[in-house]
Amino acid sequence: MKYNTVLLFGAPGAGKGTQGKILGTIPNFFHCACGDVFRNLSTDSGIGRVFIEYSSRGELVPDEPTIELWRQFISNSESFGRFRPATDTLVLDGIPRNVSQAKMLKDTLNVRAIFYLRCKNMKKLVERLQRRALRENRLDDANLDIIRARLKTYERETKPVLNFYGAPAVHRIDSDQSPAKVLLDILRHIIKI
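Along each chain, numbering runs from 1 in the same order as the chain's sequence is written. Reporting of local features is limited, given that this is a predicted model, to residues whose pLDDT is at least 70; pairs of side-chain atoms are given and counted only at 80 or more, and all residues count toward the totals for whole chains, interfaces and linings. To get the side-chain values, take all heavy atoms of the structure and skip hydrogens and water.

Glancing now at the packing of helix α6 (residues 122–136) against helix α7 (residues 144–158). Each axis is a line fitted through C-alpha atoms, taken for helices only over the stretch in contact, and angles between the N-to-C directions span 0 to 180 degrees. By definition, any uninterrupted DSSP run of H or I lasting at least four residues is a helix, any uninterrupted run of E lasting at least two residues is a strand, and each is numbered from the N terminus. Remark: α6 packs on α7, axes separated minimally by 11 Å, with the N-to-C direction vectors making an angle of 120 degrees. When the axis of α6 is compared with that of α7, the two are oblique. Crossing handedness for the pair α6 and α7: right-handed. Contacts between α6 and α7 pair Met 122, Leu 125, Val 126, Leu 129, Gln 130 and Arg 132 from the former with Leu 144, Ile 147, Arg 150 and Leu 151 from the latter. The labels follow the angle: roughly parallel below 35 degrees, roughly antiparallel above 145, roughly perpendicular from 65 to 115, and oblique for the rest. In this scheme the crossing of two helices becomes right-handed for a clockwise turn of the near helix relative to the far one and left-handed for an anticlockwise turn of less than a right angle. Residues are treated as being in contact if the distance between any of their heavy atoms lies within 4.5 Å.

Side-chain atoms within 4.5 Å link the members of a nonpolar core, which is a set of buried Ala, Val, Leu, Ile, Met, Phe, Trp, Tyr and Cys residues. Accessibility here uses a 1.4 Å probe with only protein chains present; expressed as a share of the type maximum, an area under 20% marks a residue as buried, one over 50% as exposed, and anything in between as partly exposed. Within the largest apolar cluster, 49 residues are counted, with the highest numbers of intra-cluster contacts made by Trp 70, Leu 90 and Ile 186. Sort the elements by how many residues they give to this core and strand β4 (residues 109–118) lands first, with seven residues. In contact with Ile 186, other than residues within four places in its own chain, are Leu 8, Gln 19, Leu 23, Phe 115, Leu 117 and Ile 173.

Of all eight residues in strand β1 (residues 3–10), seven are buried, a share of seventy percent or more. Should DSSP find at least two bridges between two strands, the strands are taken to pair. Two elements, β1 and β4, share eight bridges in a ladder whose sense is parallel. Bridging across to β4, Asn 4 finds its partner in Asn 110. Bridge count for β1 against strand β3 (residues 89–93) is four bridges, and the pairing is parallel. Note on β3: the bridge partner recorded for Thr 5 is Leu 90.

A word on unusual backbone geometry. Between Ile 95 and the following residue, Pro 96, the backbone shows a cis peptide bond with an omega angle of -5 degrees. Inspection of the secondary structure puts Pro 96 in the loop between β3 and α5 (99–104).

Centres within 6.5 Å are what make two rings of Phe, Tyr or Trp a pair, Trp counting through its six-membered ring; a difference in plane orientation under 30 degrees is then read as stacked, over 60 as edge-to-face, and the rest as tilted. Counted under the stated rule, the structure contains six aromatic pairs. On the numbers, 6.1 Å between centres and 50 degrees between planes, the contact of Phe 9 with Tyr 154 is tilted. With Phe 9 in strand β1 and Tyr 154 in helix α7, the pair connects residues that are 145 residues apart, well separated along the chain. By relative accessible area, which is 4% here, Phe 9 ends up buried. Judged by centre distance (5.0 Å) and plane angle (90 degrees), the rings of Phe 164 and Tyr 165 are edge-to-face. Residue Phe 164 is classed as partly exposed on the basis of its relative accessible area of 29%. In this structure an aromatic cluster arises from ring pairing among Tyr 3, Phe 30, Phe 73 and Phe 83.

Bringing the packing of helix α1 (residues 16–23) against helix α9 (residues 179–192) into the picture now. Axis separation between α1 and α9 bottoms out at 11 Å; the angle between their running directions is 60 degrees. Between α1 and α9, the crossing angle belongs to the class labelled oblique. When you trace α1 past α9, the crossing you get is right-handed. Note on element contacts: α9 touches α1 through Pro 179, Val 182, Leu 183, Ile 186, Leu 187 and Ile 190, opposite Thr 18, Gln 19, Ile 22 and Leu 23. Three residue categories are used. Nonpolar comprises Ala, Val, Leu, Ile, Met, Phe, Trp, Tyr, Cys and Pro, charged comprises Asp, Glu, Lys and Arg, and polar comprises the others, including Gly. When the residues that make up the contact of α1 with α9 are grouped by side-chain class, the tally is eight nonpolar, two polar and no charged.

Listed below in structure tokens is the structure:
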């Protein structure tokens with residue numbers, strides 16, 4: 001079975017997590033933030049150490065462990081009844097992170113829409129990341145050099161995912177707006193699908 005899916009897409013700090021959390025509270029929507037799945041790993045586990053190693057440099061975790069961990073999380077969510085694929089729309093945030101991952105998930109995801117949260121004000125983006133670092137104790141968001149590396153990685157590896165899925169699926173959302181206005185723009189498109 002392919003999961004009906006919407007992707008929240010954008011640079012680090014664009015607001016994907018904020019919007020995903022809100023959408024996840026709506027009945028028949030299940031939010032999965034891949035970064036949260038990684039951050040909740042024990043640092044004693046092998047994959048937890050891999051995550052720390054890569055994220056501390058602003059790099060993406062390799063594809064195979066990322067997809068394996070994601071599949072395990074989704075399977076557990078199904079088993080515990082949190083995610084019901086027959087009725088729920090999966091809201092993904094942070095996966096797929098590159099074209100290779102998109103190809104690996106091609107037979108798993110039925111991507112109905114991509115909400116591309118575009119933040120044109122880079123200073124605002126960096127400020128959001130640094131505020132989040134303080135609020136959520138996220139070391140990967142605290143260091144300016146790591147933030148720059150993450151933004152370069154996003155441009156080089158993640159942004160091409162938009163072309164993989166094609167322009168008709170992509171809805172550009174101005175994430176410089178207030179979170180409420182961003183949500184309203186997303187909901188206008190969700191209602192149509």
